[in-house]
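# Structure assessment
The primary structure of each chain is shown beneath.
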Amino acid sequence: MTELRRHHVLSLLWSLGNLIKSSFAFILFLFVFRTGTVSTWVFYARIIFYIGIAISLVSIIWKWITTRYSADEQAFHIYTGALSRTRRTIPYTKVQNVSRHTSFFHRLFGVTSIRFETGIKGEEATFQLQVVSLVEAEQLEKLVVGYQSEVQAQAVMEGHVKQVEQQAGDDYSASAERMGMGTESNGIKGSNAANAAVSETSKTVTEALIEAEALNTGDHEDVSSTPVPAAKAARIVHYRSTRKDVLKASFTSLSFLVLIPILGSLYSTVKDFFPDETVTESLVLSWLQSWWVTSLIILMLMFLSIGLGIVWTFVKYGDFQITSDEKRIYIAKGMLEKTVFSIQKDRVQAVKVTQSPMKRMLGLAEVELTTAGSPGESGQEMNSLYPFLPVREAYRIIEEILPSYQVCEEMEKLPHAALWLRLLKPSWVWIIATSALLYFKPVLFGFSQAWWMLSLLLLAGIAAGRVIDFFHTRYVLNDQFIQLRSGALTSTLFVSKREKMIEIKITRHPLQRRLGLASIHTVNRAKPVMHHHVHDLPNEAATEFQMWYMGRSREVQTR
């Protein structure tokens, strides 16, 4: 697909819908709540609104006319502007993530939206089609995935050729050395052996070059007679949500509480229809005077709230699937609005496993993949696996979709000196809050000295949080991996490979130096850059961590 194309015609309707959505509050205020108002400022506000809408409509049409794009064998090309023409080129090799989002609007017209994200900052580094046909979206994704696979295969073959050349050179040197140790009487025999070694070396290098060339041209089937198993190209299903999982997720996510703001908004709307607020209040009080009416209302609200929570969770997380093939990971979710996210396995920078207090009680966890590309729209949360996975199943899925990653359940604890250091560390929150309580001295339940009790309660809460954080904090260095866990109420397990870290730092403040402790900080490539740290590790662990990271030079290749 090399010809220039405009965006889909339905993208005009999509942009118009977004314009109406963003202007909805102004429409309600100016034309619903202010109906019949003859105020001058309302009159001029409506004129300004009309002008703004007109400018936005012209801008939408002009942008659609002056924006075109094309996709060749190596990159996307985006052309914008009319008088001042701008061209952006996004190579396929820079694409980190590919995501599709099919909303109800897209399903209605049989289209979808697709987004290609790179590891570069800025919106211009992302190529997105808000409306595109299903066939074209499939073609564009195949272009990107196919080219990235070719580049990776070529890099592997180049490395293989270099390895063969180096091995052949070593063999030739060894043969020549052995021939040099022979006597003069078998000189002819040694010369023939050396020539044979040279011939064998040339043959091996030539075969490797032919294999690499065949791989690039697509004729590698003639070079190797070993067929590629079809199972390798197929996607493996690692997880698929069930009704039981959705029900458990609806209670864990507290989605049933969505009814509370709806009821508050409904009550405020009903009050607007009555000029006297006492009418509304007396109506509510008359309902609550009878115990059976009150019980019936509470029961109905409970069932309605639970039902709404289940429906909301089912719409958002229903048909959740985690699949993968040799190269990529695929995450799909949603019933009415279908969203599909794919990422190359080698682009995963780190894995985070998060547990809130409720998830910890139920043995659940959320797994998040950290990538160099932006996760897209925050509402989609597509860099996260299913947020309500059982812990052991989450570890299993991580090791299945990312075979190069390992999760170690046995981790090292912090020394007891770290607990005393955390308890003795001053809390600025407690100091400021206590100073405010001492100044205002609030009276609570008729008790004039309640301020110091509140101060002690806050201090106890802070100390309890530090103790919980101490027991939750763990660390382990495992060959090429580092695994860190920290957090008081919400704990986070961080797993990353040494080659994925771009920077580390070890710090020690005076108290840590006296107690033989240190803090480690890691930096991973992401958007934005991801920083992770763990405090109060033993000095021996910090030194081991520094030596461990120095081994990164043997794993990272500079091109």
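Below, the structure is looked at part by part. Please read these numbers as outputs of a predicted model, since none were measured by experiment.

Definitions and cut-offs
- Residues numbered from 1 in each chain as written.
- Predicted model: local features only at pLDDT ≥ 70, side-chain atom pairs only at ≥ 80, totals over all residues.
- Heavy atoms only, no water.
- Helix = DSSP H or I, 4+ residues; strand = E, 2+ residues; numbered from the N terminus.
- Contact = heavy atoms within 4.5 Å.
- Core = buried A, V, L, I, M, F, W, Y, C linked by side-chain atoms within 4.5 Å.
- Buried < 20%, exposed > 50% of the residue type's maximum accessible area, 1.4 Å probe, protein only.
- Axes fitted to C-alpha atoms, helices over the stretch in contact; angles between N-to-C directions.
- Parallel < 35°, antiparallel > 145°, perpendicular 65-115°, else oblique.
- Nonpolar A, V, L, I, M, F, W, Y, C, P; charged D, E, K, R; others polar.
- Pairing = 2+ DSSP bridges.
- Expected span 1.5 Å × (residues − 1).
- Bend = angle between axes of the 7 residues up to and from the residue.
- Phe/Tyr/Trp six-rings, centres within 6.5 Å; stacked < 30°, edge-to-face > 60°.
- Lys NZ or Arg CZ within 6 Å of the ring centre and 35° of its normal.

As a further point, take the environment of Lys 338. Mapped onto the elements, Lys 338 comes out in strand β11 (residues 338–344). Taking the C-alpha atoms as reference points, Lys 338 and Arg 100, separated by 238 residues in sequence, lie 8.0 Å from one another. When residues no more than four places from it in sequence are discounted, the contact partners of Lys 338 are Arg 100, His 101, Thr 102, Arg 107, Asp 319, Ala 332 and Lys 333.

What follows is about the nonpolar core. Leu 385 and Tyr 386 are the most contacted members of the largest nonpolar core, which has 35 residues in total. Within the residue set of this core, elements represented by two or more residues are α8 (243–252), β10 (328–333), β11, β12 (348–355), β13 (364–371), α13 (391–401) and β18 (491–497). It is α13 that provides the largest number of residues to this core, a total of six residues. Among all residues touching Leu 385, those that are not within four sequence positions of it are Phe 320, Ile 322, Ile 331, Val 367, Leu 369, Ile 397 and Ile 401.

For any two helices packed against each other, the geometry is given by the interaxial angle and the distance between the axes. Interaxial distance between helix α1 (residues 10–33) and helix α2 (residues 40–66) falls to 11 Å at its minimum, and their mutual angle equals 175°. Taken together, the axes of α1 and α2 are roughly antiparallel relative to one another. Residues Ser 11, Leu 12, Ser 15, Leu 16, Leu 19, Ser 23, Phe 26, Ile 27, Phe 29, Leu 30 and Phe 31 of α1 form the contact with α2, whose participating residues are Trp 41, Ala 45, Arg 46, Phe 49, Tyr 50, Ile 53, Ser 56, Leu 57, Ile 60, Ile 61 and Trp 64. Partitioning the contact of α1 with α2 into residue classes produces 17 nonpolar, four polar and one charged.

Either a parallel or an antiparallel arrangement is found when strands of a sheet pair, and the pairing is made through backbone hydrogen bonds. Strand order across the open sheet formed by three strands is β19-β20-β21, with antiparallel pairing between neighbours. Each of the sheet's edge strands pairs with one partner strand only, and the pair in question is β19 (501–507) and β21 (530–538). Each adjacent strand pair in this sheet contributes to an overall mean axis angle of 15°, direction not counted. Here strand β20 (residues 517–524) pairs with β21 via seven bridges, running antiparallel. Note on β21: the bridge partner recorded for Val 523 is His 531. Against the sheet, helix α14 (residues 416–424) touches β20 and β21, its axis set at about 110° to β21. Each of β19, β20 and β21 touches helix α18 (residues 539–550); the most contacted strand, β19, lies at about 155° to it.

Next up on the list: α1. Here α1 spans 32 Å end to end across 24 residues, near enough to the 34 Å set by a 1.5 Å rise per residue. The largest bend along α1 measures about 50° and falls at Ser 23. Regarding α1, the residues found buried are Leu 10, Ser 11, Trp 14, Leu 19, Ser 23 and Leu 30. Where α1 is buried, its residues contact α2, α3 (104–109), β6 (111–118) and β7 (127–133).

This brings us to the environment of Val 9. Along the chain, Val 9 falls in the loop between β1 (5–6) and α1. The sequence separation of Val 9 and Trp 64 amounts to 55 residues, and the corresponding C-alpha distance is 8.5 Å.

The subject of this paragraph is the sheet that holds strand β2 (residues 68–71). Taken together, four strands build an open sheet; the order of strands is β1-β2-β3-β4 and the sheet is antiparallel. Of all the strands in the sheet, just β1 and β4 (86–91) have a single pairing partner and so form its edges.

Attention now moves to the packing of aromatic side chains. Enumeration according to the criterion identifies 23 aromatic pairs in this entry. Between Phe 29 and Trp 41 the ring centres are 6.1 Å apart and the planes differ by 40°, which places this aromatic pair in the tilted class. Of the two residues, Phe 29 is situated in helix α1 and Trp 41 in helix α2; the sequence distance between them amounts to 12 residues. Residue Phe 29 is classed as partly exposed on the basis of its relative accessible area of 34%. Seen in terms of ring centroids, Tyr 439 and Phe 440 are 5.0 Å apart; in terms of plane orientation they differ by 90°. Their pairing is edge-to-face. Classification of Tyr 439 as exposed rests on a relative accessible area of 67%. With a relative accessible area of 62%, Phe 440 lands in the exposed category. Grouping aromatic residues by their ring pairs yields a cluster made of Tyr 69, Phe 76, Tyr 92, Phe 116, Phe 127 and Tyr 147. Lying across the ring of Tyr 330, Arg 235 places its NZ or CZ 3.5 Å from the centre.

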